[in-house]
Amino acid sequence: MNRAMREPSLGTIGLGGVLDIFKLGRLPATAEELADEVFGPAGERGSLVISGSSGIVGAGKAVQLSSRLHRLGVRVVGLDFHGAPDGIRAQYPALVTAFGQQEADRIIGNILRLGYDGSHLSPELAGLRPRLLLEAIPEKLELKKAHYEIFRKEFPDLEVRSVTSGFPGSELGVGIAHPSFPHQINKVWEVVEPKPSAITRLLWALGMIPVPVSDHWSFVLDVLFCGLTHASVRYHRTSNMPYWKIDKWVRRLLGPNPFRAHEAIGARGSNFLTWSCLHHLGLKYGPLFEPTPEFVEHKDAGSDWYPPGHFRPLVDWKLSPAEESDLGDQILGPLFQMTSLVLHENRARLDHVNAIGELCAQFRRGVLAVARGAGPAEVLKRVAAYHKIHPEAARGAWHPEVFEAMDSPEWQQLYVNAEHDGRVGVITLGRESYNQDVDRELNRAIDWLQQEGIERVILTHDFHLATQLVGADTADFHPALRSEDDGIRISTDWSETARRLHNDFKVSVGFAGGKRCLGGCLELLLHCRYIVAREDAELGMPEVTLPVVPGMEGCHWPFRKAASAHWPELLGMLLGGRAVKARQARGWLVDHAAPLDAALATAWLVASGGDHGLPERKLVEKALQGLPAGVPGLPEAGSPGVEAAREAILATVRAACGSDLPGALAIQARHSAAFMLSDACFHGRVGTDYQKTQLI
């Protein structure tokens, strides 16, 4: 029987644990199998109908789903009023950019658009055998209910899901599949249903991220995001700070730009949606959510929040330390209170609540990670300060007791989980980018497995919230732009964690099973004794393009495991910043690359001690000799920053490889930290992001 620190995220949608995937040597379900279940057998499949297909949500989801379903023989039917603007065709240029014209034509060609008068369905629809209706019409309760009745009369067995952002299924009488914005690319769906359905599992098999939530008003995403926008409007009322400047401070504090996001979506529609969520939440839970007059005005006028032409006053708006603390009270206080409601009502698992904030609302760190970092006392202090400013908010929807459980595994392991069967363990990363939260949780997961007596482990993504591993979260580098000590600390701490994968287990297998594994995440996996990858996975170290110097031992660890004949390839990857397919990296970066099922099976054989036939590439601990002086045929740098990074990376490789293993960690950390202080780094992507988000 398997044991886990907490239930695997994958299990919440009825797909078991990650450990079972490796034991079976295959994914728990395929798109083909689930398409059979939802739409009927191949050759006889029915269609997906999206009503309101000309709107932002409907058009975005029609294109996104058609790009996946057309290969399975499932037709997408876009239904909207006669004469409605062609929102689907507006997606075509982006499709061509992403897929090329031929594939874009197939995707658009798989969408059949039908007119609708609001009362009668097109006679053509019956011939298309609708099996699933995704309703994306305006947020008016009676309108939606009437819409369902029209469909039920003609197709009584039709499955229905609403994309509503606010109405619970108990009011609508249907299940919920609420997608996040931007609708054409974001893969997250908040799902409300009695138990995980084949529809939800199909979304997962199509590469989406369905997240179960409970049937409450506005679910999780819109409580957090609409609530953050509402808190920002209330701050405007008390401070008179313009909305565009509040956006800058909120972005610095948490990550999102709530007002700019409304305008990016379209102010008229998004203002109404946010007002609607807050209005109904206010009726249910009280003044914490009740919309301000400014919100009502913007909803009625459909007006933007920013001045015309995005005009910015010439006089900047600075805050004293006391004023900045007050802003934190007025933004974090209500956000923590709203979070207490979400947790009190068990609207979603803690890791899911946290992930929704990051994946959907653009929080740099999920709200639970922020609360955990602050600690229970600070959370209660912020809310108490907010209640002094807005005393009415203290009436209802405040559940401070939920923050008393921060020592529980559910609170402590928001991103990293571990499970084992008594002999082999699996550590799963539920965040695609590595940060200090992930680092701490990874250490706790390793500690737990060791306490459980596990000596064999696989490290991989969680096959649900994280579908790939894209590298370090560069926001964590911001302190290192000002302090060399901070740069050394980050590089040292993360590298010491990575070394545990090599030192603390008898066998460790890094598994790259997603579309890509890059940067710091690849460096992490490379510390495992074996690397197994899906053959078409992209592996690379793009740090030179940022530019930064790899800080998790990428400048010496892979060289110590590769034959000297392959050192030019490693150096070329570091200095060129280009990814390679795993199949091209056999023997010098990965130990085995194969189609996904075969890679899963091999990873399990290695981890469990089966007859896998892969020799372990031993780590050379002494100083390396004969490193190449450069890489012939390296493309032009293209910018002074990349040129400076190439010189710094090459110097780091020489210095770290020229040391023995015990000394190399500190050498690489010093080199990485020193480059963080350079002009090249400050004017690159990391420094530009820092200036944009922190220097306001």
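The rules behind the values
Residues numbered from 1 in each chain as written. Predicted model: local features only at pLDDT ≥ 70, side-chain atom pairs only at ≥ 80, totals over all residues. Heavy atoms only, no water. Helix = DSSP H or I, 4+ residues; strand = E, 2+ residues; numbered from the N terminus. Buried < 20%, exposed > 50% of the residue type's maximum accessible area, 1.4 Å probe, protein only. Contact = heavy atoms within 4.5 Å. Areas by Shrake-Rupley, 256 points an atom, 1.4 Å probe, with all protein chains shown as cover. Lys, Arg positive; Asp, Glu negative; His and termini not counted. Charge placed at Lys NZ, Arg CZ, Asp CG, Glu CD. Expected span 1.5 Å × (residues − 1). Polar contact = N/O pair within 3.5 Å; in protein donor to acceptor, adjacent residues only side chain to side chain. Salt bridge = Lys/Arg side-chain N within 4 Å of Asp/Glu carboxyl O. Core = buried A, V, L, I, M, F, W, Y, C linked by side-chain atoms within 4.5 Å. Pairing = 2+ DSSP bridges. Axes fitted to C-alpha atoms, helices over the stretch in contact; angles between N-to-C directions. Domains from an automatic or database assignment. Phe/Tyr/Trp six-rings, centres within 6.5 Å; stacked < 30°, edge-to-face > 60°. Parallel < 35°, antiparallel > 145°, perpendicular 65-115°, else oblique. Right-handed = clockwise from strand over helix to strand, strands pointing away. Left-handed = near helix turned anticlockwise from the far one by under 90°. Nonpolar A, V, L, I, M, F, W, Y, C, P; charged D, E, K, R; others polar.

Peer 1: Outline the overall build of the chain, supporting the account with residue identities and numerical values.
Peer 2: Summing up its helical and strand segments, the chain has 29 helices and 20 strands in all. The dimensions of the chain, computed from C-alpha atoms along their principal axes, are 80 × 65 × 50 Å. Per-residue burial over the chain gives 60% buried out of 696 residues. Here the analysis covers contacts within the chain between residues at least 6 apart in sequence; of these, 76% occur between residues at least 24 apart. Surface summary for the chain: the accessible area is close to 26,700 Å², and the carbon and sulfur share equals 53%. When the 72 basic and 82 acidic side-chain charges of the chain are each reduced to a single mean position, those positions are 2 Å apart.

Peer 1: Hey, could you go over helix 20 (residues 436-451) for me, with residue numbers and the actual values?
Peer 2: Compared with an ideal rise of 1.5 Å per residue, which puts 16 residues at 22 Å, helix 20 spans 23 Å between its outermost C-alpha atoms and is within 8% of the ideal. For helix 20, the set of buried residues is Asp-437, Val-438, Asp-439, Glu-441, Leu-442, Asn-443, Ala-445, Ile-446, Trp-448 and Leu-449. Two or three places before Asp-437, at the opening of helix 20, Asn-435 has a side-chain oxygen 3.1 Å from that residue's backbone nitrogen. Directly beyond the C-terminal end of helix 20, a positive phi value near 80° is found at Gly-453.

Peer 1: Describe the pattern of salt bridges, naming the residues involved and giving the relevant values.
Peer 2: This structure, assessed with the given rule, holds 37 salt bridges. Among the ionic pairs, Lys-144 bridges to Glu-139, the shortest N-O distance being 2.9 Å. On the accessibility criterion, Glu-139 (10% relative accessible area) is buried. In this structure, Arg-431 and Asp-473 form a salt bridge, with 3.2 Å as the shortest nitrogen-oxygen distance. Here Arg-431 is found in the loop between strand 11 (424-429) and strand 12 (433-434), whereas its partner Asp-473 is found in the loop between strand 14 (471-472) and helix 21 (484-503), with 42 residues between them in sequence. Here Arg-431 and Asp-473 have matching classes, each one buried. Three or more residues are tied together by salt bridges with common partners; here these are Arg-365, Arg-372, Asp-437, Arg-440 and Glu-441.

Peer 1: How would you summarise the nonpolar core if you had to cite specific residues and measurements?
Peer 2: One finds Phe-289, Ile-427 and Leu-589 to be the most contacted residues of the largest nonpolar core, which totals 164 residues. When neighbours within four sequence positions are excluded, Phe-289 is seen to be in contact with Val-223, His-230, Leu-278, Leu-281, Gly-282, Met-338, Leu-341 and Ala-397. If you look at the next biggest cluster of nonpolar residues, it comprises 61 residues, including Ile-21, Tyr-92, Trp-189 and Leu-596.

Peer 1: Could you give me a rundown of the sheet that holds strand 19 (residues 580-581), with the residues and numbers involved?
Peer 2: With mixed pairing, the three strands of this open sheet are ordered in space as 16-18-19. Here the strands that pair on one side only, and so sit at the sheet edges, are strand 16 (516-518) and strand 19. As judged from the three bridges shared by strand 16 and strand 18 (residues 538-540), these two strands associate in the parallel manner. Residue pairing in the sheet places Cys-517 in a bridge with Leu-539 of strand 18. Contacting strand 16 and strand 18, helix 22 (residues 519-526) runs over the sheet at an angle of about 90° to strand 16.

Peer 1: Let's hear about helix 22: which residues, and what values?
Peer 2: The element helix 22 is largely enclosed, with a buried count of eight among its eight residues. Buried within helix 22 we find Gly-519, Gly-520, Cys-521, Leu-522, Glu-523, Leu-524, Leu-525 and Leu-526.

Peer 1: Tell me what's going on with the sheet that holds strand 15 (residues 507-512), and back it up with residues and numbers.
Peer 2: Read from one edge to the other, the open sheet built from seven strands follows the order 1-10-11-13-15-17-20, with strand pairing classed as mixed. At either end of the open sheet lies a strand with only one pairing partner, and these are strand 1 (3-4) and strand 20 (592-594). Both strand 1 and strand 10 (residues 416-420) contribute to a ladder of two bridges, which runs antiparallel. The partner of Arg-3 across the bridge, within strand 10, is His-420. Sitting on the sheet, helix 25 (residues 596-608) is in contact with strand 11, strand 13 (456-461), strand 15, strand 17 (530-534) and strand 20, with an inclination near 165° to strand 15.

Peer 1: Please give an account of the side chain of Ser-47 that cites residues and values.
Peer 2: Mapped onto the fold, Ser-47 is located in strand 2 (residues 47-51). Not counting chain neighbours up to four residues away, the residues in contact with Ser-47 comprise Phe-39, Val-74, Arg-75, Val-77, Leu-128, Arg-129, Pro-130, Arg-131 and Leu-132.

Peer 1: An account of the domain arrangement of the chain is requested, with residue identities and associated values reported.
Peer 2: How big an interface is tends to be stated in terms of the accessible area lost upon association of its parts. Considered domain by domain, the chain is made up of domain 1 (46-184), domain 2 (219-410) and domain 3 (468-694). Each of domain 2 and domain 3 was reduced to a C-alpha centroid, and the two centroids are 38 Å apart.

Peer 1: Can you break down the packing of aromatic side chains residue by residue, with the values?
Peer 2: Throughout the structure, instances matching the rule amount to 15 aromatic pairs. Seen from their ring centres, Phe-22 and Phe-511 are 5.1 Å apart, and the 85° between their planes marks the pair as edge-to-face. Of the two residues, Phe-22 sits in helix 1 (residues 18-24) while Phe-511 sits in strand 15, which places them 489 residues apart along the sequence. Accessibility expressed as a relative area gives 0% for Phe-511, which makes it buried. Each ring, one from Trp-398 and one from Phe-403, has its centre 6.3 Å from the other, and the planes form 40°; the classification is tilted.

Peer 1: Which residues make up the packing of helix 11 (residues 243-253) against helix 12 (residues 258-265), and what values go with them?
Peer 2: Where helix 11 contacts helix 12, the two axes come as close as 7 Å, and the packing angle between them is 115°. In terms of orientation, helix 11 and helix 12 fall into the roughly perpendicular class. Where helix 11 abuts helix 12, its residues Tyr-243, Ile-246, Asp-247 and Val-250 lie against Pro-258, Phe-259 and Arg-260.

Peer 1: Describe in detail the pairing of strand 6 (residues 159-162), supporting the description with residues and values.
Peer 2: In the sheet, strand 5 (residues 130-135) pairs with strand 6 via four bridges, with the strands oriented parallel. Residue Glu-135 lies in a different strand from strand 6, and its bridge partner there is Ser-162. Assessed by its sense of winding, the connection that carries the chain from strand 5 through helix 7 (residues 141-154) to strand 6 is right-handed. Where strand 6 meets strand 7 (residues 175-179), two bridges bridge the pair, whose relative direction is parallel. Bridging from a neighbouring strand, Arg-161 pairs with Gly-175 of strand 7.

Peer 1: Lay out the environment of Lys-581 with the relevant residues and their values.
Peer 2: Turning to its location among the elements, Lys-581 is positioned in strand 19. For Lys-581, a relative accessible area of 29% corresponds to the partly exposed category. Not counting chain neighbours up to four residues away, the residues in contact with Lys-581 comprise Glu-535, Asp-536, Ala-537 and Glu-538. In this structure the side chain of Lys-581 is engaged in a polar contact, spanning 3.3 Å, whose partner is the backbone oxygen of Asp-536.

Peer 1: Give a detailed account of the packing of helix 10 (residues 221-239) against helix 15 (residues 321-344), specifying residues and quantitative values.
Peer 2: Two elements in contact, helix 10 and helix 15, have axes separated by 9 Å at closest approach and are oriented at 150°. In terms of orientation, helix 10 lies roughly antiparallel with respect to helix 15. Helix-helix and strand crossings are classified by hand; for helix 10 and helix 15 the assignment is right-handed. Here helix 10 contributes Val-223, Leu-224, Gly-227, Leu-228, Ala-231, Ser-232, Arg-234, Tyr-235 and Thr-238 to the contact with helix 15, which in turn contributes Asp-326, Leu-327, Gln-330, Ile-331, Pro-334, Leu-335, Met-338, Thr-339 and Val-342. For the contact of helix 10 with helix 15, the residue count by class is eleven nonpolar, five polar and two charged.

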